[in-house]
Amino acid sequence: MRNVHVTRLSCSGVAAIVTRLSLGLLVLAGIVCLVAGQARAAGAPPSPVLTPLEQALTQIASDDDAVREAALRVVIEQGDSTILPRLEEIRANADRSVRLAIKPVMDLLRNRAKLEGPDPDARRSAATDLGTLGKPLAIPWLEQAAAKESYKWVRYTMLESAALLKLSGQDQAAKLGAVNSLGDLASQNAVPALKDIVAAGSGAEATEAQQSLADAANASIERIETWAVWSTAIETLFRGISLSSILLIMSVGLAIVFGLMGVINMAHGELMMVGAYATFMTQELFKAFLPATMFDYYFAVAMPMAFLVAAGCGLLLEVTVIRFLYGRPLETMLATWGISLVLMQAARVYFGDLTAVAAPAWLSGGLQVMVGVYLPNNRLFIILLSVICVITIYAILFRSGLGLRVRAVTQNRNMSACLGIPTRKVDAYTFAFGSGLAGVAGWALTLIGNVEPGLGQNYIVDSFMVVVTGGVGKLAGTIVASMGIGGLNKLLEPSLGAVYGKVCILVLVILFLQWRPSGLFAIKGRHADS
Amino acid sequence: MADPHDVNPQPGRDLGLAFWLTGFVLLVLMPLLNVLPPEDSWLHLSDFSLNRFGKFLAFAILALGLDLIWGYTGVLSLGQGVFFGLGAYCMGMHLMLTIGKESVYGSDLPDFMVWNQVKELPLFWKPFYSFPVAVLGSMLVPTAFALVFGFLAFRSRIKGVYFAIITQALALVAWLVFNRNETNLGGTNGLTDFKQLLGFRLSEPGTQRALYVLTVLCLGGAFLLCRWITRSRAGRVLIAVRDSEPRVVFSGYTPANYKLLVFVVAAALAGLAGMLYVPQVGIITPAQIGVLPSLEMVIWVAVGGRGTLAGAVLGAVSVNLGRSVLTNYFPELWPFILGGLFVVVVLLFPDGLIGIMRQARERFGQLKAKATALPEEELG
């Protein structure tokens, strides 16, 4: 109703309201001026009940710079977060120069309050902010907070910020101490400031104190840079492992099917996409039908959903298409590629181009293991998942009846059939299982990217390469190959760039196949033809 | 796979009516329909249609090569787009350089280089000022590349699915590299905005008509070359390799050499197709040489009927004709149709259109035989 009303207001009505509002503002400003004038006229505390803080608060909007500075200092020293609303109020009514003067005070007070807050992330960001505000005043706050702090990385940031602030101070001894402690902390943030100190100390007219400081700074920079080399190396390693595990989760289903049936399922990427969309649908269902408190559990529920939906699709694919192409692997590739086109376009038509899955809270954020090395939780989760997948697959292949049959058919299909193993059934189940694994891979990929029709295409050629390099029949080949290709990818990327890194890997794979034409772990046998 | 009809039992017979008739239609009738009837006549073939058809026929040349390597030898190459692209870019570079000062920026350098602030023409562009170098290059570069790649692949007996995957990776990598700006090949936008070829304006219908005729002649030549290869002793070995490679090895042949030969011929034909494609279509971008285009080329051959040269030509023309009609009217449907084609052809019509026609002819022959046989029975 109100909306309707507003839209019906005439232009003149709007104008009248604006005039009235501005009149009101004028009156308000007048009152503030009056009050301020009275305060100045009174000079001394107008009434004895006012504490120094209260008095400072009234003086903060003063026109006299000296009075204002003094008042601000009192506010900073004695104030806490409780006066923030009042400062906000003063700021809203004051003119520009006063607003500019109050802003850093509010930032200081707000961050100081946050330093003692319950949330470690907030404490850490407050410490970072205080470090960049450049007010030496905050040093004791940071040091006190650091003494009480129980989280290692929050304490680290507090100490780092305190040392950074000391660098901009005047006290020579404190500066020297800060330079050394920044070196100890391996603080990457301190490098520009340290370089300034080195520059100041190397000038012709530098004093002896400046020179000794510069020497210390040089030593610290060196330590920081050595540390940076190590931490980059570790991060590269982590990224390599992360990519490897993505490739592993994607390729393992492909590899099992390839080993068993000699077929590369070109629609594998699209089965991953199916898994990702199953995750997305689960999320939407949770949003629609369950209370918000349950929302974080959707991701766990989505895993079996993704597996089952993708496995169902795979079974359908096997029964309707692949079964009829048995023994013709190239034709199977083409047919499954056709299916992948159809699936992709179907997703594009039905879901549109871009949909995203919100990662559950427990998978956002990350883990800091050392200075400069931050491992995102979702990547860690994918690494863990790949380990779990491999263990599960090993358990199924080597500790279950189905696994025994799968291994038998992989080794010698005709002999297995003679011994009464229903090879076609084994094929169908294995294909469904491999497809289900693709679904799980798609489920995991929603953590690191959008859910889109082209999702499967991003890594799929890489995972084909993994299967081909790894060879058939042995899971170990797939594991080693995905580690190799993923690791090399990330190893070459910094120096060669992503594209030439890929070129390099293709060349390496071709050269590798010169040496091992059927992959790392080929089944040994007496076949003249494979 | 050992279909008896793959090796033609009557050599020399089938270069009969069909070949000359097709040649007459393509080479004489279609250009005449373009030139002679007035524009509003229903017989008139528009410049656009003729030009489009020229593009399809260029694709048919590529399909012939692909049919040699896949249809006859049984080696599935999913990277044929790379060779096509190499040929096309060689010709495209020449066309870029002949633009000269007519470009948007009025510089001697191609526009995209001005845009990317390249000051001097890169060394590898310089030979392409010459037209003969461009023509030879567009066949020799893919040939040389195929020779190295094929040598490494076939020497170590990479085959079947492995070879397909490796060539697909090659297509992906080539696509990535051609997309980069620092390779000085025009990046994502590719090479375009061509003006002239040997002094003839590309926008003139006459030039396009000549290019069309040239394409038809090249297609005819390529067809005869492939026919000669498949009819020769080497052609028999190729089919034997497809049907049972170990037996070929045991009979004392080296399949790798034959495969390499046919892979290189296929690459040269793909390069030739690219060379003819560029001036007719007027643009070449990395999008035409990636993973998906390379796979589409395979489906042309599959639809037409692999293992028969006529099938490759028929498939390339019909799939592309269908594509250009359907993407015009139902752009969203095309991926469904293309995907469906992959499945249906592979599952239900492994011999493609040629196979269907052959079956129909056999059916018809049987009916006729019955019809003629009946009266005789009555007589007897």
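Up top is the structure.
This is a predicted model, so every value here is computed, not measured.

Basis of the calculations
- Residues numbered from 1 in each chain as written.
- Chains lettered and ligands numbered in written order.
- Predicted model: local features only at pLDDT ≥ 70, side-chain atom pairs only at ≥ 80, totals over all residues.
- Helix = DSSP H or I, 4+ residues; strand = E, 2+ residues; numbered from the N terminus.
- Contact = placed C-beta atoms within 7 Å.
- Nonpolar A, V, L, I, M, F, W, Y, C, P; charged D, E, K, R; others polar.
- Pairing = 2+ DSSP bridges.
- Axes fitted to C-alpha atoms, helices over the stretch in contact; angles between N-to-C directions.
- Parallel < 35°, antiparallel > 145°, perpendicular 65-115°, else oblique.
- Left-handed = near helix turned anticlockwise from the far one by under 90°.
- Core = buried A, V, L, I, M, F, W, Y, C linked by C-beta atoms within 7 Å.
- Buried ≥ 20, exposed ≤ 12 C-beta atoms within 10 Å, placed from the backbone.
- Expected span 1.5 Å × (residues − 1).

**Q** Honestly, the overall build of chain A in this entry has me stumped. Any pointers?
**A** Counting secondary structure elements, chain A contains 21 helices and two strands. In chain A, the share of contacts with a sequence separation of at least 24, taken over all contacts with a separation of at least 6, comes to 69%.

**Q** Quick question: what am I supposed to make of the interface of chain A and chain B here?
**A** One widely used convention gives an interface's size as the accessible area the parts lose upon coming together. With 32 residues of chain A at the contact, the number on the chain B side is 36 residues. Sort the elements by how many residues they give to the side of chain A that touches chain B and helix H15 (residues 329–351) of chain A lands first, with 14 residues. Its residues placed into classes, the side of chain A that touches chain B shows 26 nonpolar, three polar and three charged.

**Q** For this particular structure, what's the right way to read the pairing of strand E2 (residues 373–376) of chain A?
**A** Residue and element names in this part refer to chain A. Examined bridge by bridge, strand E1 (residues 366–370) and E2 share four bridges and lie antiparallel to one another. When the bridges of E2 are listed, Met370 appears paired with Val373. With antiparallel pairing between neighbouring strands as the criterion, E1 and E2 make up a hairpin whose turn holds two residues, including Gly372 at a positive phi of roughly 80°.

**Q** Teacher, can you tell me more about the packing of helix H3 (residues 80–99) of chain B against helix H10 (residues 255–281) of chain B here?
**A** Residues and elements named next belong to chain B. Packing of H3 against H10 brings their axes to within 7 Å, and their N-to-C directions diverge by 40°. In terms of orientation, H3 and H10 fall into the oblique class. Where H3 crosses over H10, the two elements pack in a sense that is right-handed. Side by side, H3 and H10 meet where Gln80, Phe83, Phe84, Gly85, Leu86, Gly87, Ala88, Cys90, Met91, Gly92 and Leu95 of the first sit next to Ala266, Ala267, Ala270, Gly271, Leu272, Ala273, Gly274, Met275, Tyr277, Val278 and Pro279 of the second. Here the contact of H3 with H10 is composed, by residue class, of 16 nonpolar, six polar and no charged.

**Q** Any chance you could explain the nonpolar core here in plain terms?
**A** Considering soluble globular proteins, one finds that nonpolar side chains tend to be buried as a cluster. Residue and element names in this part refer to chain B. Of all hydrophobic cores here, the largest spans 195 residues; its most connected members are Ala60, Ala63, Leu64, Leu269, Ala273 and Val298. The element contributing the most residues to this core is helix H2 (residues 47–72), with 16 residues. In this view, Leu64 contacts Ala222, Phe223, Cys226, Leu269, Leu309, Ala312 and Val313; residues no more than four positions away in its chain are not counted.

**Q** Any chance you could explain the packing of helix H1 (residues 17–35) of chain B against helix H7 (residues 205–231) of chain B here in plain terms?
**A** When two helices pack together, you describe them by how their axes are tilted relative to each other and by the distance separating the axes. All names here are of chain B. For the pair H1 and H7, the least separation of the axes is 10 Å and the interaxial angle reads 175°. Between H1 and H7, the angle falls in the class roughly antiparallel. Listed contacts from H7 to Gly23, Leu26, Leu27, Pro31 and Asn34 of H1 are Arg209, Tyr212, Val213, Val216 and Gly220. For the contact of H1 with H7, the class distribution of residues is six nonpolar, three polar and one charged.

**Q** What should I look at first to understand H1 of chain B in this one?
**A** Each α-helix winds once per 3.6 residues, and so residues spaced three or four apart point in a common direction. Residues and elements named next belong to chain B. The end-to-end C-alpha distance of H1 is 26 Å, a good match for the 27 Å that 19 residues give at a rise of 1.5 Å each. All of the buried residues in H1 are Leu26, Met30 and Asn34. The inward-facing, buried residues of H1 contact H2 and H7.

**Q** Whenever I open this one, the environment of Val371 of chain A confuses me. Can you help?
**A** Residues and elements named next belong to chain A. Here Val371 is to be found in the loop between E1 and E2. For Val371, a count of 18 C-beta atoms within 10 Å corresponds to the partly exposed category. Considering only alpha carbons, one finds Val371 and Tyr156, 215 residues apart in sequence, at a separation of 8.9 Å. When residues no more than four places from it in sequence are discounted, the contact partners of Val371 are Leu185, Ala186, Trp227 and Ser231.

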